[in-house]
Amino acid sequence: MKKKTTISKRLAIGKTKNGEQKRLKGVVAGLRKNRNGLNDKIRKQKNALVKKNGELRNGAEKQVRAEEQIHIRTKAMESAVDGIFIIDAQKQDYPIIYVNQSFQKMTGYQKKEILGQNYFLLYGSEADPQVIEKIKQTIRKEKAYHGETPNYKKDGKKHWNLLRITPVQDARGAITHYVGIQTDVTMMREKQKEIDEQREELLHVTRVGKLAEFVSSLAHEISQPLTSILSYAQAAQRMLADREPKLREILSYIIDDDQRAAEVIHRLRTLLKKSKPDMKQLDINTLINDTVELITTDATVRNVDLKRDFASHLPLVTGDRVQLQQVLLNLISNSFEALESSRDVREISIRTSLQDNDTIRVEVKDTGVGLPVENIPKLFTRFFTSKPDGLGMGLSISRSIIEAHGGRLDVDNNPGSGVTAYFTIPISTKDA
Amino acid sequence: MTAHQPLIYVVDDNVSICRALKLLLQAYGFKVETFTKAADFLAYKHPRQQSCLVLDIRLPDIDGLALQEIMAKKGITIPIIFITGHGDIPMSVKTMKAGAIDFLPKPVTKMKLLNAITLAISKSQAQLKKQAEIDKIKRRVKTLSPKELEVFQLVAKGMLSKQIAYKRGTSLQTIKVHRSRVMQKMQAETVTDLIRFAQMAGLTSSQN
Ligand SMILES: Nc1ncnc2c1ncn2[C@@H]1O[C@H](COP(=O)(O)OP(=O)(O)OP(=O)(O)O)[C@@H](O)[C@H]1O
Ligand SMILES: [Mg+2]
């Protein structure tokens, strides 16, 4: 800039000297040419400078930005709840080269104890060698691993890990590292285990309940002919008085055996004696929720949509929790079974409502095969079943439970497809 | 007729049990009527004689417990022995509270059944005796004139002759005459007898 000004100043002075016009013209032309060249050069230099400057600035910015990014990423990895680790895949024994905070917390090892160590050593000596071998093999095949494995902390405490290990490739596709993420799923597993146990227990109680009912009905059926046989024989004995001693002897054998059979039935009955119901104040919606929670897995496996439509703020009822759960389970099982062969909508909806001032109504509605009209009068008869492996006890036992609770239970076809089973249960009278 | 031969009703929906119990009880010298429905038993005209009912607790039309209630309401006082093929303990408690003689699980042995029947028949006999007495009293009441009946009721309520005379606006003497006629006709020796007879004839409530 400065240069340019001086030259044009000089030129301006030269212009004023008249005598030398011509020669000057040549000089000027030369100068002009010169100046143009100079300007070009300057421009070029300037551009170069600007470019360089820009480049410099860009580079610096880029570097700052890159640093920021790395910082954020590291921070993010450090704050993640999951344990994150990186394994160097190019070294012989797969050493760990990075672990985040959570990883240290989960394993109980300090960073300095971990870095450089072989990843698998961290599993502890109690770890299942088969599982470890499987992970190793997957990695060696350059594949990703995904699985739930038991892990042992530094202090030997066992916990469950949901582990995912993924290969990291460089620009040429060669595997340089593995990145691993592990989540402590011990709590989830425990919760699931608890649900599974409760489900098993309810299924068991329901099955035993049905069987008990089955056997006691059977006992009744058998005790009928035993009664008449006994009475026939005792009548005959009396009629013979002291005639026909041989016949009387035979009759006494019949009576003995009859009573032996009766004794077996009597013992069976005492064995099946129901425990006293445990009546408590219950919230019916909570009870249904608890029951449904136990069978959501079954619903998923059966591809059934379990819907709930609850009236809120329902008053409490007085009932035996386990017995009422059995009723629900019996009704829902029937719906499951009715949905087995239906292809389109597979849905069970459970509704609660206030039927009137002192009654709650619970409905289990399905979109299953429905009931043939001729079966409807027989549904509550013991032993009536349309299923190859059914006992025909579910509905009759459910009805007797509900009636013992002072309610009613019935089943009917829906206007559309499927069946609705419903029961009513009286509301608790204030203080029980 | 054989008035000394007690009558046993058997109600059980199982035909074979009815037949077998009938044979057994007949062999022991009882008269037996069997029914497979509770309604048939209710429709039957029960002769007034020593009797008892052997009743299955589970019946298709009216169950045993309900039948027990209906009988109580209708004033059918025949003693009941329940038999059951189920081991219903809670039910047995209910029936016994409602006055059943016994609650026997099936198969019922002859010993247990006959013991229960003996008990039931003696209860029936006592009832019959009481009923006969009531009938006798009622027959005596029928012989009273309307005025005598009124005096009878007032005396039974515990009113003194003076009070009755004041209330009726008649002389004490007249009331005393009525009163002695009542005592005579009712064959009562004391006022206490009169009060008891009035209760038995259903002329006063037993709560005084
Ligand atoms: N939701 C339903 N849809 C269609 N049919 C049903 C439904 N619920 C019950 N039924 C019919 O009623 C019958 C009796 O049901 P119940 O639950 O008493 O016995 P079950 O299911 O056959 O055997 P289990 O004793 O194992 O329950 C069934 O066999 C079936 O024919
Ligand atoms: Mg069922």
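Computed from a predicted structure; not experimentally measured.

**Brief notes about the overall build of chain A**
Okay, so step 1: From N to C terminus, chain A includes 10 helices and 12 strands.
Okay, so step 2: Taking all 432 residues of chain A together, 35% fall into the buried category.
Okay, so step 3: When contacts within chain A are restricted to residue pairs at least 6 apart in sequence, long-range pairs at least 24 apart make up 59% of them.

**A look at the site of ligand 1**
Residues and elements named next belong to chain A.
Okay, so step 1: Every one of the 20 residues lining ligand 1 counts as a neighbour, but Thr385, Ser386, Lys387, Met393 and Leu395 are closest to it.
Okay, so step 2: Residue leucine 391 places a main-chain N or O atom 3.4 Å away from an oxygen atom belonging to ligand 1.
Okay, so step 3: Contact distances for ligand 1 include 3.0 Å between an oxygen atom and a backbone N or O atom of glycine 392.
Okay, so step 4: Protein contacts shield 92% of the accessible area of ligand 1, which totals 590 Å² for the unbound molecule.
Okay, so step 5: With respect to the pocket detection grid, ligand 1 is positioned in the second largest pocket.
Okay, so step 6: Listed by contribution, the elements that provide at least two residues to the shell around ligand 1 are α9 (321-339) and α10 (394-404).

**Quick look at the sheet that holds strand β5 (residues 102-105) of chain B**
All names here are of chain B.
Okay, so step 1: Across the sheet, 5 strands lie side by side as β2-β1-β3-β4-β5; this open sheet has parallel pairing. In this open sheet, the two strands that pair with only one neighbour each are β2 (31-35) and β5. Across this sheet, the average inter-strand angle for adjacent strands is 20°, counted without regard to direction.
Okay, so step 2: Strand contacts of helix α5 (residues 110-142): β1 (7-11), β3 (51-56), β4 (80-84) and β5, with the helix running at about 135° to β3, the strand carrying the most contacts.

**Notes on the packing of aromatic side chains**
Okay, so step 1: If you walk through the whole model with that rule in mind, you get 9 aromatic pairs over all chains.
Okay, so step 2: A ring pair is formed by phenylalanine 214 of chain A and phenylalanine 383 of chain A, whose centres lie 5.3 Å apart and whose planes are at 90°; its orientation type is edge-to-face. Of this pair, phenylalanine 214 of chain A sits in helix α6 (residues 186-240) while phenylalanine 383 of chain A is found in the loop between β10 (359-366) and α10, placing the two residues 169 residues apart along the sequence.
Okay, so step 3: Residue classification places phenylalanine 383 of chain A among the partly exposed residues on the basis of a relative accessible area of 31%.
Okay, so step 4: An aromatic cluster of three or more residues is present, and its members are Tyr9, Phe35, Phe41 and Tyr44 of chain B.

**Considerations on the interface of chain B and chain A**
Okay, so step 1: The partner chain A presents 20 residues to the 21 residues of chain B that form the contact.
Okay, so step 2: Carbon and sulfur atoms make up 60% of the surface buried where chain B meets chain A, a total of about 1,800 Å² over both sides.
Okay, so step 3: Linking chain B with chain A are 0 salt bridges.
Okay, so step 4: Remark: the boundary between chain B and chain A carries 5 residue pairs in polar contact (both at pLDDT 80 or more).
Okay, so step 5: Broken down by class, the residue content of the side of chain B that touches chain A amounts to 9 nonpolar, 6 polar and 6 charged.

**Quick look at the side chain of serine 398 of chain A**
Okay, so step 1: Along the chain, serine 398 of chain A turns up in helix α10.
Okay, so step 2: A polar contact is formed between the side chain of serine 398 of chain A and the backbone oxygen of glycine 394 of chain A, at a distance of 2.6 Å.

**Remarks on empty space enclosed by the protein**
All names here are of chain A.
Okay, so step 1: Taken as a whole and assessed by the stated rule, the structure comprises 2 cavities of 30 Å³ or more.
Okay, so step 2: Its boundaries defined by the atoms lining it, the largest cavity holds a volume of some 60 Å³.
Okay, so step 3: Around the largest cavity sit Phe103, Thr107, Tyr119, Leu122, Tyr123, Asn151, Tyr152, His159 and Gln182, which together line it.
Okay, so step 4: Listed by contribution, the elements that provide at least two residues to the lining of the largest cavity are α3 (101-107) and β3 (145-152).
Okay, so step 5: In terms of residue class, the lining of the largest cavity is made up of 5 nonpolar, 4 polar and no charged.

**Points about the pairing of β1 of chain B**
Residues and elements named next belong to chain B.
Okay, so step 1: By the criterion of burial, β1 is predominantly enclosed, with 5 of the 5 residues buried.
Okay, so step 2: Where burial is concerned, the two faces of β1 agree: the one with Leu7, Tyr9 and Val11 and the one with Ile8 and Val10 are both buried.
Okay, so step 3: Strand direction decides the pairing type here: β1 and β2, joined by 5 bridges, are parallel. By the bridge assignment for β2, valine 11 is matched with phenylalanine 35.
Okay, so step 4: Handedness of the crossover joining β1 and β2 through helix α1 (residues 15-27): right-handed.
Okay, so step 5: Relative to β3, β1 is paired through 5 bridges, and the arrangement is parallel. Among the inter-strand pairings, leucine 7 is bridged to a residue of β3, identified as serine 51.

How each quantity is defined
Residues numbered from 1 in each chain as written. Chains lettered and ligands numbered in written order. Predicted model: local features only at pLDDT ≥ 70, side-chain atom pairs only at ≥ 80, totals over all residues. Heavy atoms only, no water. Helix = DSSP H or I, 4+ residues; strand = E, 2+ residues; numbered from the N terminus. Buried < 20%, exposed > 50% of the residue type's maximum accessible area, 1.4 Å probe, protein only. Contact = heavy atoms within 4.5 Å. Near = heavy atom within 4 Å. Polar contact = N/O pair within 3.5 Å; in protein donor to acceptor, adjacent residues only side chain to side chain. Areas by Shrake-Rupley, 256 points an atom, 1.4 Å probe, with all protein chains shown as cover. 1 Å grid on protein atoms, 1.4 Å probe; cavity = no way out; pocket = protein on both sides within 12 Å on 5 of 7 lines; lining within 4 Å. Sits in = over half its atoms within 2 Å of the grid points. Pairing = 2+ DSSP bridges. Axes fitted to C-alpha atoms, helices over the stretch in contact; angles between N-to-C directions. Phe/Tyr/Trp six-rings, centres within 6.5 Å; stacked < 30°, edge-to-face > 60°. Buried area = accessible area lost by both parts, 1.4 Å probe. Salt bridge = Lys/Arg side-chain N within 4 Å of Asp/Glu carboxyl O. Nonpolar A, V, L, I, M, F, W, Y, C, P; charged D, E, K, R; others polar. Points joined across faces, edges and corners; volume = space filled by probe spheres on them. Right-handed = clockwise from strand over helix to strand, strands pointing away.

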